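Coordinates in review
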Amino acid sequence: MLRQRINDDVKTAMKAKDEALSGLRLITAAIKDKDIAARPGNMNGISDAEIIDMLQKMIRQRQESIEMYTKGNRPELAAKEQGEIDVINRYLPKQLSQAETEAAIAAIVAETGASSIKDMGKVMGLLKERFAGQLDFGKVGALVKAKLG
């Protein structure tokens, strides 16, 4: 479903000569690479969940690039990367706010009865299962550690 939406947007962007076309082509190329890598056991290509995970990684890469370009005084390249992030974000689920994230962590901690840092894996596993694509797990790990610490 997500794959079809991206392909439809590529066609629309081509017809409209939209600036987002280069970002969309980056996404489709990355999806094709993942499909090829998954081929020996999966002829249908990667799932929407795997596409979302891939898109999140693409955003992290671009954020790192923006940081480097900003330090290197290359604002035009940083702006290009930000444009690609904006295109990629169209296909990600809405991110939870800080308050929603903290509420989700508290609910899962209560549900699992987690009481120490030893239970962090159990809490993180449930968060990943229920909120895939909606949370930045790099930041969430620190919040869970603080909650259980």
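Above this text sits the structure in question.
Right, let's walk through the structure included here. (Residues numbered from 1 in each chain as written. Predicted model: local features only at pLDDT ≥ 70, side-chain atom pairs only at ≥ 80, totals over all residues. Heavy atoms only, no water.)

Description of the packing of aromatic side chains
As a reminder, the rule being used: Two rings from Phe, Tyr or Trp (for Trp, the six-membered ring) form a pair when their centres are within 6.5 Å of each other. A pair whose planes differ by under 30 degrees is stacked, one over 60 is edge-to-face, and the rest are tilted. Consider the ring centre and the ring normal. A charge sits over the ring if Lys NZ or Arg CZ is within 6 Å of that centre and within 35 degrees of that normal.
Considering all chains together, one arrives at zero aromatic pairs under this definition. One residue, Lys 128, lies across the ring of Phe 137, its end atom 5.7 Å from the ring centre.

Some points on the packing of helix α2 (residues 21–38) against helix α4 (residues 75–89)
Just so we agree on the cut-off: Every angle, taken between N-to-C directions, lies between 0 and 180 degrees, and every axis is a line fitted to C-alpha atoms, over only the stretch in contact when it is a helix. Put simply, DSSP marks the helices as runs of H or I at least four residues long and the strands as runs of E at least two long, and each gets a number from the N terminus on. Handedness of a crossing follows from how the near helix is turned relative to the far one, being left-handed for an anticlockwise turn of less than a right angle and right-handed for a clockwise one. Whether two residues touch is decided by their heavy atoms; if any such pair falls within 4.5 Å, the residues are in contact. Polar here means any residue outside two lists: the nonpolar Ala, Val, Leu, Ile, Met, Phe, Trp, Tyr, Cys and Pro, and the charged Asp, Glu, Lys and Arg; Gly therefore counts as polar.
Contact pair α2 / α4: the axes reach a minimum separation of 9 Å and the direction vectors enclose 65 degrees. Judged by the sense of rotation from one axis to the other, the crossing of α2 with α4 is right-handed. For the pair formed by α2 and α4, the contact residues are Gly 23, Leu 24, Leu 26 and Ile 27 on the first element and Glu 84, Val 87 and Ile 88 on the second. Here the residues of the contact of α2 with α4 sort into five nonpolar, one polar and one charged.

Side note on the packing of helix α3 (residues 48–71) against α4
Helix packing for two helices is described by the angle between their axes and how far apart those axes are. As a reminder, the rule being used: Note on terminology: angles under 35 degrees are roughly parallel, angles over 145 are roughly antiparallel, angles of 65 to 115 are roughly perpendicular, and the others are oblique.
Relative to each other, α3 and α4 sit at 165 degrees, their axes nearing to 9 Å. Overall, the two elements α3 and α4 adopt an arrangement that is roughly antiparallel. For α3 against α4, the interelement crossing comes out left-handed. Here α3 contributes Leu 55, Met 58, Ile 59, Arg 62, Gln 63, Ser 65, Ile 66, Tyr 69 and Thr 70 to the contact with α4, which in turn contributes Leu 77, Ala 78, Glu 81, Gln 82, Glu 84, Ile 85, Ile 88 and Asn 89. Of the residues belonging to the contact of α3 with α4, the class tally is nine nonpolar, five polar and three charged.

Considering the pattern of salt bridges
Our working definition: By salt bridge we mean one thing: a side-chain nitrogen of Lys or Arg within 4 Å of a carboxyl oxygen of Asp or Glu.
Per the counting criterion, the structure on display carries eight salt bridges. Several salt bridges converge on common partners, so that one network encompasses Arg 62, Lys 80 and Glu 84.

Overview of the environment of Glu 76
Note the cut-off: Residue burial is assigned from relative accessible area. The probe radius is 1.4 Å, only protein chains are included, and a residue is buried under 20% of its type maximum, exposed over 50%, and partly exposed in between. Within 3.5 Å is the distance limit for a polar contact, defined as a pair of N or O atoms, with the added protein rule that one can donate a hydrogen and the other accept it, and that residues adjacent in sequence qualify only through two side-chain atoms.
Secondary-structure assignment places Glu 76 in helix α4. Judged by its relative accessible area of 43%, Glu 76 falls in the partly exposed class. One polar contact links Glu 76 to Arg 74, side chain to side chain, over a distance of 2.7 Å.

Quick look at the nonpolar core
Operational definition: Buried residues of nine kinds, namely Ala, Val, Leu, Ile, Met, Phe, Trp, Tyr and Cys, make up a nonpolar core once their side-chain atoms join them within 4.5 Å.
Leu 2, Ile 27, Ile 51, Met 54, Leu 55, Met 58 and Tyr 91 are the most contacted members of the largest nonpolar core, which has 24 residues in total. Only α1 (2–16), α2, α3 and α4 provide two or more residues apiece to this core. Tallying contributions element by element places α3 first for this core, with seven residues. Beyond its immediate stretch of four places on either side in the chain, Met 54 contacts Ile 27, Ala 30, Ile 31 and Lys 34. Grouped together as the second largest cluster of nonpolar side chains are 16 residues, Val 123, Met 124, Leu 127 and Leu 135 included.

Some points on unusual backbone geometry
With the exception of glycine, the majority of residues adopt a negative phi angle, and the majority of peptide bonds are in the trans configuration. A positive phi angle is found at Lys 17, which is not glycine, with a value near 55 degrees. By the secondary structure assignment, Lys 17 is in the loop between α1 and α2. On the accessibility criterion, Lys 17 (73% relative accessible area) is exposed. Positive phi values are uncommon outside glycine, yet Asn 73 reaches one of about 60 degrees. Among the secondary structure elements, Asn 73 is positioned in the loop between α3 and α4.

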